[in-house]
Amino acid sequence: MEFRTVGPTRGGRVTAVEGHRAHPHKFYMGAAGGSGVWKTEDYGQSWTNISDGHGFASTSIGAIEVADSDTSIIYVGTGTDGIRANVTTGKGMYKSTDAGESWTYLGLEDAGQIGAVEVHPENPDRVYVAALGHPFGPNPQRGVFRSTDGGENWEKVLFASDTTGAIDLELNPENPDEIYAAMWRAERKPWTIISGAAKENGLYKSTDGGDTWKKLTEGLPQGLTGKADFAVTPADPDRVYALFEAPDEEEGLYRSDDRGESWTLVSDTSGIMNRPFYFTNVTADTKNPDKVYVGNVRYWVSVDGGKTFERRRVTHADVHDLWVNPDNPDIQIQGNDGGATVTLDGGKTWSTQHNQPTAELYQVHVDDRFPYWLYAGQQDNTTIAVPSLPPAESDLATGALWHDIGGCETGPAVPTPNNPNITYANCKGRFGQYNWETGQEKQFWVGAEYMYGRNPAELSYRFQRVVPIEVSPHDSSVVYNTSQYVHKTENGGQTWKRISPDLTAFKPQYQMPSGGPITRDITGEEHYSTLYSIQESPHDPQVIWVGANDGPVHITRNGGESWTDITPKDLPPNGRVDAIEPSPHAAGTAYIAVHRRFLDDFSPYIYKTEDYGKSWTRLTTGENGIPADFPTRVIREDPDRKGLLYAGTDFGFFISFDDGAHWQQLQYGLPNSPITDIKVHRKDLVLSTMGRGFWILDNLSLLHQADENMISESLHLFRPRDAYRMRYRGSRGVPEYIDAGAMVDFYLEVLPDEPVVLQFINEDGETVRNFVGVTENEDQTDNEEGDNDEINMMAPGTIPDYAGDLKLKEGHNRFIWNLRYPGETVPSEDGETYFGVGAGPMTVPGSYTVKLSVGSQTVEQPLNILIDPRIEEAGVTQSDMVAQMKHNLKVRDAIGKAQRIAAEIDSARSHLQESEDGEVSSAMMEKLNELHAELVTSEEGSYPPPMLIDQLEYMYYMTIRADQRPGSDAYSRYNTLKKELDRIAAEWDSMQPLGTR
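Bear in mind the structure is a predicted one, so any value in this text is a computation, not a measurement.

## So, the UniProt feature "domain: Sortilin N-terminal" (unreviewed entry) in the protein
Those places that UniProt annotates as "domain: Sortilin N-terminal" (unreviewed entry) correspond, in this numbering, to residues 93-220. Secondary structure content for residues 93-220 is 0% helix and 48% strand, while the C-alpha to C-alpha distance between its ends is 32 Å.

## Considering the pairing of strand β38 (residues 479-482)
The two faces of a sheet get side chains in turn, since along a regular strand they alternate between them. Neither face of β38 is exposed, since Val 479 and Asn 481 on one face and Tyr 480 and Thr 482 on the opposite face are all buried. Bridge count for strand β37 (residues 469-471) against β38 is three bridges, and the pairing is antiparallel. Residue pairing for β38: Glu 470 is matched across the bridge by Tyr 480. In the sheet, β38 pairs with strand β39 (residues 486-489) via four bridges, with the strands oriented antiparallel. Looking at the pairing, Val 479 lines up with Thr 489 of β39. With antiparallel pairing between neighbouring strands as the criterion, β38 and β39 make up a hairpin whose turn holds three residues.

## Describing unusual backbone geometry
The peptide bond linking Gly 411 to Pro 412 adopts the cis configuration, its omega dihedral lying at 0°. With respect to the secondary-structure elements, Pro 412 resides in the loop between β32 (383-387) and β33 (413-416). Between Gly 516 and the following residue, Pro 517, the backbone shows a cis peptide bond with an omega angle of 0°. A positive phi angle is found at Thr 280, which is not glycine, with a value near 60°. With respect to the helices, strands and loops of the structure, Thr 280 is situated in the loop between β22 (264-267) and β23 (281-284). Given the relative accessible area of 2%, Thr 280 is considered buried. Unusually for a residue other than glycine, Lys 428 sits at a positive phi of about 55°. Accessibility expressed as a relative area gives 17% for Lys 428, which makes it buried.

## Section: the sheet that holds strand β63 (residues 811-817)
The strand order β57-β59-β63 describes an open sheet built from three strands, whose pairing is antiparallel. Pairing within the sheet leaves two strands with one partner each, and these edge strands are β57 (715-717) and β63. On average, each strand axis in the sheet is inclined to that of its neighbour by 20°, with strand direction left out of account. Note that β57 and strand β59 (residues 742-748) share three bridges and pair antiparallel. Looking at β59, one finds that Leu 717 is bridged to Phe 746.

## Some words on the environment of Ser 688
If you trace the backbone, Ser 688 turns up in strand β55 (residues 684-689). Apart from the residues lying within four places of it in its own chain, the contact partners of Ser 688 are Leu 361, Tyr 362, Gln 363, Val 364, Pro 674, Ile 675, Thr 676, Asp 677, Gly 693 and Phe 694. For Ser 688, the side chain forms a polar contact with the side chain of Thr 676, separated by 2.7 Å.

## Things to note about the sheet that holds strand β43 (residues 544-548)
Spatial strand order, β42-β43-β44-β45: four strands in an open sheet with antiparallel pairing. Two strands close off the open sheet at either side, each with one partner strand: β42 (531-536) and β45 (564-565). Pairing analysis gives four bridges linking β43 to strand β44 (residues 553-556), with the strands arranged antiparallel. The residue bridging Val 546 from the neighbouring strand is His 554, located in β44.

## Concerning the confidence of the model for the protein
Looking at the protein, pLDDT values average 93 and 94% of them are 70 or higher. Every residue in residues 780-799 scores below 50 in pLDDT, and together they form 43 contacts with partners more than four places removed in sequence or on other chains.

Thresholds, definitions, all that
Residues numbered from 1 in each chain as written. Predicted model: local features only at pLDDT ≥ 70, side-chain atom pairs only at ≥ 80, totals over all residues. Heavy atoms only, no water. UniProt positions renumbered as here; feature names shortened; annotations may be inferred. Helix = DSSP H or I, 4+ residues; strand = E, 2+ residues; numbered from the N terminus. Buried < 20%, exposed > 50% of the residue type's maximum accessible area, 1.4 Å probe, protein only. Pairing = 2+ DSSP bridges. Axes fitted to C-alpha atoms, helices over the stretch in contact; angles between N-to-C directions. Contact = heavy atoms within 4.5 Å. Polar contact = N/O pair within 3.5 Å; in protein donor to acceptor, adjacent residues only side chain to side chain. pLDDT = per-residue confidence, 0-100.

This is the structure we're talking about:
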């Protein structure tokens, strides 16, 4: 069992980029949410993750630094410095000494968000780190740290307080003992963002490698200041730029021409200091000291030392980082909210960002289509929908297949049950109804009140950016939307009815305009005291569960006429009720996941009630599987097995087989990334992540059937999930699609000495397919990844078979049968065995038996093969497919017989060439050549006439590629070719007395 990603390949936010002058084609990027470290070696045309599987405790990346003196040494600081509401916490420093092939953990676990890493240009063991600290509360491990032994030990060399950390560092290009540091008081709360302080904030400089520091003041703002960022340039080591958050007219770009001793405000251009806590990024050109780049909502460039700026176009808004090649400043890599992008011409053109599977997704919903699609809001982009398997419309061009389906980056996007053509979507509190056919979205905003820039306490309706939408599982015309109230519509949003009072805690001390003490930042992210989760019971439409982002949990059992506060008594206050899961098995049972990390509480909180919330049991003690510092975001119960629970945390995915008594981490190829939502759909496990897009764990049947008794069994065959007869071919990479066919799971305690045989038997008791197991050492072939060009060419050719070998290992084994008969024919009625074709015909829907044998031990399970619902809807019947199968088996056998005769003629010609009777051999050779030429197309000349084997294969291709009843021409053409084959076979048989066989 392995998780697979289905994309999208549309990039997510990148806040750290890096390159090196010694390899101008190679770059690194670190994504913000939870995507890890990536590398390109072709100027951004393709990207490879180099941190997966290397023990990164957090995959939010704040800084990357390649040592100037040794390009194989890379330092990475985790925890992005853009501490917006979806920020992922960092967990320390990492180092690679082989360009990312392997990694070592270097400590600083509590450094929180790491804004910068700088390495001495001549000594790669001398490293400096700017540690902001915990983003949600005070802690002592923050400030500037120094290591002189490559990160084995760290010394804190600049410290202000347990609430103020370091956000940026720069080394003077001429004298690396001169260091500039920016200190920043920053803290995120659920209701606000704090950026700035009066005393400890500011710019500092060391001239002795960090031993001592002095605060820079001349020409700089005094008193209250906020976030700052430096830029230095080898073109003029005396020049230093500083972008500085400060009150009113003091804010902007400062420049020093004397290494920081004095400063001048050179620009307060509108646009270079929007949302300082999130941006504040400046980079100097490496050849022209007067050229400076500023990243913000837009991308700005100055060529006069920062006095004036011009806006430049880039691939995506919201620019966070830039690296400029020291030798050729036209070569750059930029990180923005759409990913990483490379320019080779100084910004005239940029590489694509649609090749990075780093999407930050807030939730996942699934529809009823076949195959089903996944829906979410992608941060910094739009809502998005991707298919779980290749849809018919995609053919093979699946890499960039996605749809924008209403709403905006926040989502959610919720498809209507039984009518996926209509999607209900949210954009930062605004409700819309999207129609796939028209591409239009009708807008039905509850209250229709402008929410940005307002004190949420003054709003009629407090909508959070990520507002939940719930479509009733009983009546799809009933839709819920939540502010501090529950709103209900029965006509798609045309009219709304409020069915609850204010169900939040609404404590006055938390109701305020967000942002301070310098800059207001009121985008709805910090709207506190709103309803964050809602679920209607799958058992009773009158039962509705809701949870608020400030703590309370409520329930109604009469459709909203009255509500009861059922908040667990031992749940600490003010946390975000991130998810509610009414049990699909029992009406009064429900689970909640509460997230309190914004309050600097990283404990996992998952609760269960069995009496409609009258009492609760906490299922996460910090000692029963989910670690004590893994905040929980989501909880789900499997609809097919009571008590089988799935939990998503900031740092991984967990499973419980005993209703939460014990938990175990279940990664199975899933990268470490925050799990934002979970759905179980058609026995698949579907996840959304904050940094790695969507993931699917196919076919949970094994988990549904697993029990302790299996441990004592040497052989176990699980009952397969129903298989659909589908014709697509699976793919690897992104997106990854499993191969079509029947998925079979079995368990081997040890690899046996006896043969392992897997058989698929039809209702008539006939074996359709046999597979004999091989171990990795025995396996000499791998036909899973054949050349797929030929099957898509409208020309004669052998159809490749991608069934694959039955590869065995100890423990769990999974095999996918592609539902095809053998390509090589089994012995016919007269005992002949033919060579056959590359892929046999597909079997038909029906009831089958899977039989697994190890020596004399045999186990069996039933298997149902179902028709693709789309094919059935198109009018194809079971009898059509039976007729097709019978016809194609005849054609396959005819091809095999023709190939066998051609091979025997080849053998006979070889024997004749060795004959001593030249006169007899010459006459016989002429006859053999004539007969062979009727079977096999000549390889001489251009476009030679196709002979019998090619003619048969051409016809086989016509009737094997789609589900259909063969046309009359297929039958008549087969009869014609069969007569020709019978004539050739008879002539060949008549030659046997001559001794040629």
